[in-house]
Each structure stands twice: as C-alpha cells, then as structure tokens.
Amino acid sequence: MSEIERIGVVGAGQMGAGIAEVCARAGCDVLVVEQGREAMDRGRAAVLGSLDRAEQRGRLSAAGHEDAVARLRFADDLGELADRQLVVEAVTEEELAKCEVIAGIDKVLADPSGIIASNTSSIPIMRLAQATDRPGHVIGLHFFNPVPVMPLVEVIASPTTSPRTRDTVETFVTTTLGKQTIRAADRSGFIVNALLVPYLLGAIRMVETGRATPADVDTGMKAGCAHPMGPLELADLIGLDTVAAIAESMYAEDREPLFAPPPLLRRMVQAGLLGRKTGRGFHGYPTQRVAS
C-alpha cells in the first residue's frame, strides 16, 4: 500500500471525534461515518467545536483550522468508505457491535489491501478480525483520551495480522500523526489498561467498602503520589461504562479477581451515572451531555 492519505473513522463519540481531528490536522482526507443523521450532526459539532477551541487557545493557527475543516467530511452510510485506505472503528466498547461494524467496513472497502483498525480498549483483535474476509489487514490502534493531547497509541497485531499491515500503520501513526507507539500483545486490556484498570477498580472498591470518600481517594493519589489526576476522576473521564466494559473483557479472558467490576461500578452504570459525559459519576460535572 502507498502512503496512507484517505482515512475513514466510524463512530464520532469522544474517541472517534478525536481521531478524526488529529488525522485532519495531520493533512489527511478524513471521512467520518455515524449511524443516523442526528448522530452524524452531533459528531460534526464535536469535531468542529474541538478545532474551534484549539484555535482559540492558540494551539492551532487560523490557517491550520481552515485546512483541517476543509479535509473533513461526514456521512451516515458505510458505503461512503469505499475508497478509504485505512478505516478506524471507534464505536461503543461492545464486541458484537464492533464485529458488526467491522464486517460492514470489510464489505464496502474497494481496495483488498485496505486496512481496518479498531480503537478497542480491551477486546482481543483476533476476535474482531474473524468478522472479516481480510484478517491479515485488521489491527488494533488504541488511542487515548483526549486524542489531540495524549501522545500514545498502542499497536496490537493479532496472530493473523500481516507484518506489512503492522509496519504500515506504525509508520502512519508515528510519521503522519506524530504520535508515539508501543506494541502490545493481543491480550485483553493490552498494556496500559491491563495495568491501569485494576488500579481504578481498587479505588472504586475502597469507596464501596466505606474506607474513604471519592474526594479523599483522589486527593491522596494526587498529593501523595504526584498523579496528575485521581483514579476516580480518571474513571469519570474515561466513562464508567467504558471502565466496566474493559473490566468485563479482561475478567472474561483471565478470570483474575482483580479485573472483576465491583458491584458499585455496575450499579452506577445501570443508573446512567457514567462520569463526565452524563454530568455525574464519582464527582459532579457540568450537565451538558456529549456523545459516548
């Protein structure tokens, strides 16, 4: 495959919008696909709003803002992705939903060497690749939130991912997007979440058992360990539904008790208390709701 220039992003929630933004700012032709006109319009507003804020804060020039906006298109039909060289799936962290989307992408990509990447936080790539007829061209690209700010991308090759696919996307992420990459084995949770999520779950269990308040847990880790953000603040930022989904995936694979979602986390997700995106999690936030 020649140098990647035409990118597709499926899903325009927090992660998809961020991935679309960084690709457009890097000079790529970006097509964002969402399900339904309303979701597509929300995604457009999220990406353009983030670009506006970047310009207002001096992180993006006026010319850079104009160029990035010109490189973005939005659609509600997967068929529009036919000419893409790389499509990044960034829908909800549910295996069935991701497999359905990835299978749909596989059917419409015209180039047999086109690459499908999943931004999954925890689902083994081998399971997602089996939904396609091109498992050698399926890979994991795990960006971190907020995508325009965080420098890291985990690259996850499954046992069937071709070395050429891995090398091509690594070059794209490092050279075109200017991100740092690490290679993770195709195990649930990969590297970062396999270390991070048990820490977040431990903080939740501490609150659940009455050992400490959310405020004291977060203050303790910030003031006592010099962490920039407390574990419960971080869980709220990630989204408690996403934290629970990652924990479920990791526990299902390893049956490690430390990976099991605590009952408090499950109840909060069931109640719709998902963190920043719903205005309330372990802490309270402005009530404006954004796409998950």
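Here the structure is a predicted model, which is why all the values come from computation and not from measurement. (Residues numbered from 1 in each chain as written. Predicted model: local features only at pLDDT ≥ 70, side-chain atom pairs only at ≥ 80, totals over all residues. Heavy atoms only, no water.)

## Observations regarding the overall build of the chain
Move 1: Scanning the chain from N- to C-terminus turns up 11 helices and 8 strands.
Move 2: Relative to a compact globule of 292 residues, whose C-alpha radius of gyration would be 19 Å, the chain shows 19 Å and is just as compact.
Move 3: When the backbone C-alpha atoms are referred to their principal axes, the chain occupies close to 55 × 45 × 35 Å.
Move 4: Considering the chain as a whole, with its 292 residues, one finds that 49% of them fall into the buried category.
Move 5: Surface accessibility of the chain: about 13200 Å² in total, with carbon and sulfur atoms responsible for 52%.
Move 6: Each charge sign in the chain was given a centre, from 30 positive and 37 negative side chains, and these centres are 3 Å apart. (Helix = DSSP H or I, 4+ residues; strand = E, 2+ residues; numbered from the N terminus. Rg over C-alpha atoms; globule rule 2.2 N^0.38 Å. Buried < 20%, exposed > 50% of the residue type's maximum accessible area, 1.4 Å probe, protein only. Areas by Shrake-Rupley, 256 points an atom, 1.4 Å probe, with all protein chains shown as cover. Lys, Arg positive; Asp, Glu negative; His and termini not counted. Charge placed at Lys NZ, Arg CZ, Asp CG, Glu CD.)

## Re the environment of Val87
Move 1: Within the secondary structure, Val87 sits in strand β4 (residues 86-89).
Move 2: Once the C-alpha coordinates of Val87 and Val138 are considered, the two residues, 51 residues apart in sequence, prove to be 9.8 Å apart.
Move 3: Ignoring anything within four residues of it in the chain, the contact list for Val87 reads Gly8, Val10, Leu81, Ile105, Leu109, Ile115, Ile116 and Ala117. (Contact = heavy atoms within 4.5 Å.)

## Digging into the nonpolar core
Move 1: In terms of nonpolar packing, the biggest core is built from 37 residues, with Val30, Leu72, Leu86 and Phe172 touching the most fellow members.
Move 2: Ranked by residues supplied to this core, first place goes to helix α1 (residues 14-25) with 7 residues.
Move 3: Discounting chain neighbours no more than four positions away, the residues touching Leu86 are Ile4, Arg6, Ile7, Gly8, Ile115, Ala117, Val169 and Phe172.
Move 4: Membership of the second largest hydrophobic core comes to 22 residues, among which are Leu200, Val217, Leu264 and Met268. (Core = buried A, V, L, I, M, F, W, Y, C linked by side-chain atoms within 4.5 Å.)

## Focus: the sheet that holds strand β8 (residues 180-184)
Strand pairing in a sheet takes place through backbone hydrogen bonds and is either antiparallel or parallel in direction.
Move 1: The strand order across the open sheet built from 8 strands is β3-β2-β1-β4-β5-β6-β7-β8, with neighbouring strands paired in mixed fashion. Of all strands in the sheet, those with a lone pairing partner are β3 (72-75) and β8, marking the two edges. With strand direction ignored, the average angle separating the axes of adjacent strands in the sheet is 25 degrees.
Move 2: Where β4 lies against strand β5 (residues 115-118), 4 bridges are found, and the strand directions are parallel. Within β5, the position partnered with Glu89 by the bridge is Ser118. (Pairing = 2+ DSSP bridges. Axes fitted to C-alpha atoms, helices over the stretch in contact; angles between N-to-C directions.)

## Overview of unusual backbone geometry
Move 1: Cis geometry is adopted by the peptide bond preceding Pro146, which originates at Asn145 and carries an omega value of 0 degrees.
Move 2: Note on placement: Pro146 falls in the loop between β6 (138-143) and β7 (152-156).
Move 3: A positive phi angle, close to 55 degrees, is found at Phe190, a residue other than glycine.
Move 4: Its location among the elements puts Phe190 in the loop between β8 and α7 (192-208).

## Quick look at the pairing of β4
Move 1: Every second residue of β4 is oriented toward a common face, with Leu86 and Val88 on one face and Val87 and Glu89 on the other, all of them buried.
Move 2: Pairing geometry for strand β1 (residues 6-10) and β4, over 4 bridges, is parallel. Its bridge partner being in β4, Gly8 is matched across the sheet by Val87.
Move 3: Crossover connection from β4 via helix α4 (residues 95-108) to parallel β5: handedness right-handed. (Right-handed = clockwise from strand over helix to strand, strands pointing away.)

## Thoughts on the pattern of salt bridges
Move 1: Enumeration according to the criterion identifies 18 salt bridges in this entry.
Move 2: Of the charged contacts, one joins Glu253 and Arg187 as a salt bridge, the two residues approaching to 2.8 Å between their closest N and O atoms. With a gap of 66 residues between them, Glu253 in helix α10 (residues 240-254) and Arg187 in the loop between β8 and α7 connect regions that are remote in the sequence.
Move 3: Between Arg266 and Glu248 there is a salt bridge; the shortest N-O distance is 2.7 Å. Taken together, the residues span a long stretch of sequence, with Arg266 in helix α11 (residues 263-270) and Glu248 in helix α10 at a distance of 18 residues. (Salt bridge = Lys/Arg side-chain N within 4 Å of Asp/Glu carboxyl O.)

## Overview of α10
The α-helix advances 3.6 residues per turn, and as a result positions three or four apart in sequence lie on the same side.
Move 1: Taking 1.5 Å per residue as the helical rise, α10 with its 15 residues ought to reach 21 Å, and the 21 Å between its terminal C-alpha atoms agrees with that figure.
Move 2: For α10, every residue scored as buried is listed here: Leu240, Thr242, Val243, Ala244, Ile246, Ala247, Ser249 and Met250.
Move 3: Tucked into the core, α10 has its buried residues touching α5 (125-129), α7, α9 (231-238) and α11. (Expected span 1.5 Å × (residues − 1).)

## What to know about helix α8 (residues 214-225)
Move 1: The terminal C-alpha atoms of α8, which comprises 12 residues, lie 16 Å apart, in line with the 16 Å expected from a rise of 1.5 Å per residue.
Move 2: Positive backbone phi, at 60 degrees, marks Ala226, one or two positions downstream of α8.

## Description of the state of the cysteines
Move 1: Applying the stated criterion to the full structure yields 0 disulfides.
Move 2: With no disulfide of its own, Cys23 lies closest to Cys28 among cysteine sulfurs, the gap being 5.2 Å.
Move 3: Residue classification places Cys23 among the buried positions, given a relative accessible area of 1%. (Disulfide = S-S within 2.5 Å.)

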